[in-house]
Amino acid sequence: MRADLDRSISILQGEHPAPLAGQGYPQDSADAGSTLSETDRTEAILHSARSQRDEVVAALARIEDNTYGRCTDCGSDIPEGRLEARPDAARCVNCQAKRARRR
(Lines give C-alpha, C1' and ligand atoms only; values in the text may rest on other atoms or scores of the structure.)
Protein backbone atom coordinates (compact mmCIF):
# COMPACT_ATOMS: atom_id res chain seq x y z
CA MET A 1 0.00 0.00 0.00
CA ARG A 2 2.78 2.40 0.90
CA ALA A 3 4.53 1.87 -2.44
CA ASP A 4 1.25 2.39 -4.34
CA LEU A 5 0.58 5.60 -2.40
CA ASP A 6 4.13 6.82 -2.98
CA ARG A 7 3.65 6.33 -6.74
CA SER A 8 0.29 8.10 -6.67
CA ILE A 9 1.72 11.02 -4.70
CA SER A 10 4.62 11.35 -7.15
CA ILE A 11 2.25 11.37 -10.09
CA LEU A 12 -0.06 13.91 -8.46
CA GLN A 13 2.85 16.17 -7.59
CA GLY A 14 3.82 16.12 -11.27
CA GLU A 15 0.29 17.14 -12.33
CA HIS A 16 0.31 20.57 -10.69
CA PRO A 17 -0.65 23.10 -13.36
CA ALA A 18 1.81 25.86 -14.11
CA PRO A 19 1.30 29.05 -12.09
CA LEU A 20 -1.21 31.47 -13.54
CA ALA A 21 1.09 34.47 -13.47
CA GLY A 22 4.01 34.65 -15.85
CA GLN A 23 2.84 32.06 -18.34
CA GLY A 24 3.73 34.34 -21.20
CA TYR A 25 0.26 34.79 -22.66
CA PRO A 26 -2.99 36.36 -21.50
CA GLN A 27 -5.51 34.03 -19.97
CA ASP A 28 -9.22 34.71 -19.93
CA SER A 29 -11.15 34.40 -16.67
CA ALA A 30 -12.85 31.12 -17.70
CA ASP A 31 -9.47 29.46 -18.30
CA ALA A 32 -8.14 30.83 -15.02
CA GLY A 33 -11.16 29.45 -13.15
CA SER A 34 -10.75 26.06 -14.77
CA THR A 35 -7.07 25.95 -13.84
CA LEU A 36 -7.82 26.91 -10.24
CA SER A 37 -10.54 24.28 -10.03
CA GLU A 38 -8.20 21.59 -11.35
CA THR A 39 -5.47 22.72 -8.96
CA ASP A 40 -7.90 22.58 -6.03
CA ARG A 41 -9.02 19.09 -7.04
CA THR A 42 -5.43 17.85 -7.39
CA GLU A 43 -4.48 19.39 -4.04
CA ALA A 44 -7.43 17.68 -2.31
CA ILE A 45 -6.52 14.29 -3.79
CA LEU A 46 -2.88 14.82 -2.88
CA HIS A 47 -3.81 15.71 0.71
CA SER A 48 -5.94 12.57 0.96
CA ALA A 49 -3.17 10.36 -0.44
CA ARG A 50 -0.63 11.84 1.99
CA SER A 51 -3.01 11.29 4.92
CA GLN A 52 -3.61 7.69 3.90
CA ARG A 53 0.14 7.14 3.52
CA ASP A 54 0.65 8.45 7.07
CA GLU A 55 -1.93 5.91 8.30
CA VAL A 56 -0.15 3.09 6.46
CA VAL A 57 3.23 4.12 7.92
CA ALA A 58 1.64 4.18 11.40
CA ALA A 59 0.22 0.68 10.82
CA LEU A 60 3.67 -0.55 9.80
CA ALA A 61 5.07 0.93 13.02
CA ARG A 62 2.37 -0.92 15.00
CA ILE A 63 3.45 -4.15 13.30
CA GLU A 64 7.02 -3.49 14.43
CA ASP A 65 5.79 -2.75 17.99
CA ASN A 66 3.61 -5.89 18.04
CA THR A 67 0.54 -3.72 18.66
CA TYR A 68 -1.01 -4.15 15.21
CA GLY A 69 -4.59 -5.39 15.44
CA ARG A 70 -5.27 -3.70 18.77
CA CYS A 71 -7.33 -0.53 19.03
CA THR A 72 -5.13 2.47 19.81
CA ASP A 73 -7.93 3.99 21.92
CA CYS A 74 -9.39 1.14 24.01
CA GLY A 75 -6.86 -1.65 23.50
CA SER A 76 -9.40 -4.25 22.37
CA ASP A 77 -8.80 -6.47 19.35
CA ILE A 78 -9.76 -5.01 15.99
CA PRO A 79 -11.94 -7.55 14.14
CA GLU A 80 -10.14 -9.43 11.38
CA GLY A 81 -12.75 -8.38 8.82
CA ARG A 82 -12.08 -4.71 9.56
CA LEU A 83 -8.34 -5.25 9.14
CA GLU A 84 -8.92 -7.04 5.85
CA ALA A 85 -11.02 -4.13 4.59
CA ARG A 86 -8.75 -1.46 6.11
CA PRO A 87 -5.28 -2.87 6.86
CA ASP A 88 -4.28 0.55 8.20
CA ALA A 89 -7.15 0.67 10.73
CA ALA A 90 -5.92 1.88 14.11
CA ARG A 91 -9.24 1.68 15.95
CA CYS A 92 -12.04 -0.80 16.52
CA VAL A 93 -15.38 0.04 14.93
CA ASN A 94 -16.83 1.56 18.13
CA CYS A 95 -13.86 3.83 18.80
CA GLN A 96 -13.68 4.89 15.15
CA ALA A 97 -17.39 5.76 15.22
CA LYS A 98 -16.87 7.86 18.36
CA ARG A 99 -13.96 9.65 16.70
CA ALA A 100 -16.02 10.32 13.55
CA ARG A 101 -18.88 11.80 15.61
CA ARG A 102 -16.47 14.16 17.38
CA ARG A 103 -15.25 15.51 14.05
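Residues numbered from 1 in each chain as written. Predicted model: local features only at pLDDT ≥ 70, side-chain atom pairs only at ≥ 80, totals over all residues. Heavy atoms only, no water.

**Describing the overall build of the protein chain**
This is how it is decided: Numbering of helices and strands starts at the N terminus; helices are DSSP runs of H or I of at least 4 residues and strands are runs of E of at least 2. Any two residues having at least one pair of non-hydrogen atoms within 4.5 Å are treated as being in contact. All accessibility values rest on the Shrake-Rupley procedure with a 1.4 Å probe; residue burial counts only the protein chains present in the view.
A count of helices and strands for the protein chain gives four helices and zero strands. Reading the protein chain from its N terminus to its C terminus gives the helix and strand order α-α-α-α. Taking the intrachain contacts of the protein chain between residues at least 6 apart in sequence as the baseline, contacts between residues at least 24 apart amount to 44%. For the protein chain, the exposed surface amounts to about 7,300 Å²; the carbon and sulfur share of it is 50%.

**Focus on the pattern of salt bridges**
Here is the rule: By definition here, a salt bridge exists when the distance from a side-chain nitrogen of Lys or Arg to a carboxyl oxygen of Asp or Glu is within 4 Å. Only protein chains enter the area calculation, which uses a 1.4 Å probe; residues under 20% of their type maximum are buried, those over 50% are exposed, and those in between are partly exposed.
Scanning the entire structure with this criterion turns up seven salt bridges. In this structure, the salt-bridge partner of Arg41 is Glu38, at a minimum N-O distance of 3.0 Å. Here Glu38 and Arg41 lie together in helix H2 (residues 29-64), a separation of three residues that amounts to about one turn. You can call Arg41 partly exposed: its relative accessible area is 43%. Residue Glu38 is classed as partly exposed on the basis of its relative accessible area, which comes to 35%. Taken together, the salt bridges that share partners define one network made up of Glu55, Arg86 and Asp88.

**Points about the side chain of Asp88**
Here Asp88 is to be found in the loop between helix H3 (80-85) and helix H4 (93-102). Once you skip the residues sitting within four places of it in the chain, Asp88 turns out to touch Gln52, Glu55, Val56, Ala59 and Arg62.

**Regarding the state of the cysteines**
Selection rule: Count a disulfide wherever a pair of cysteine sulfur atoms falls within 2.5 Å.
The tally for this structure, following the rule as stated, stands at zero disulfides. Free cysteine: Cys71, not disulfide-bonded; nearest cysteine sulfur from Cys95 at 3.7 Å. Looking at the unpaired Cys92, the closest cysteine sulfur is the one in Cys95, lying at 3.6 Å.

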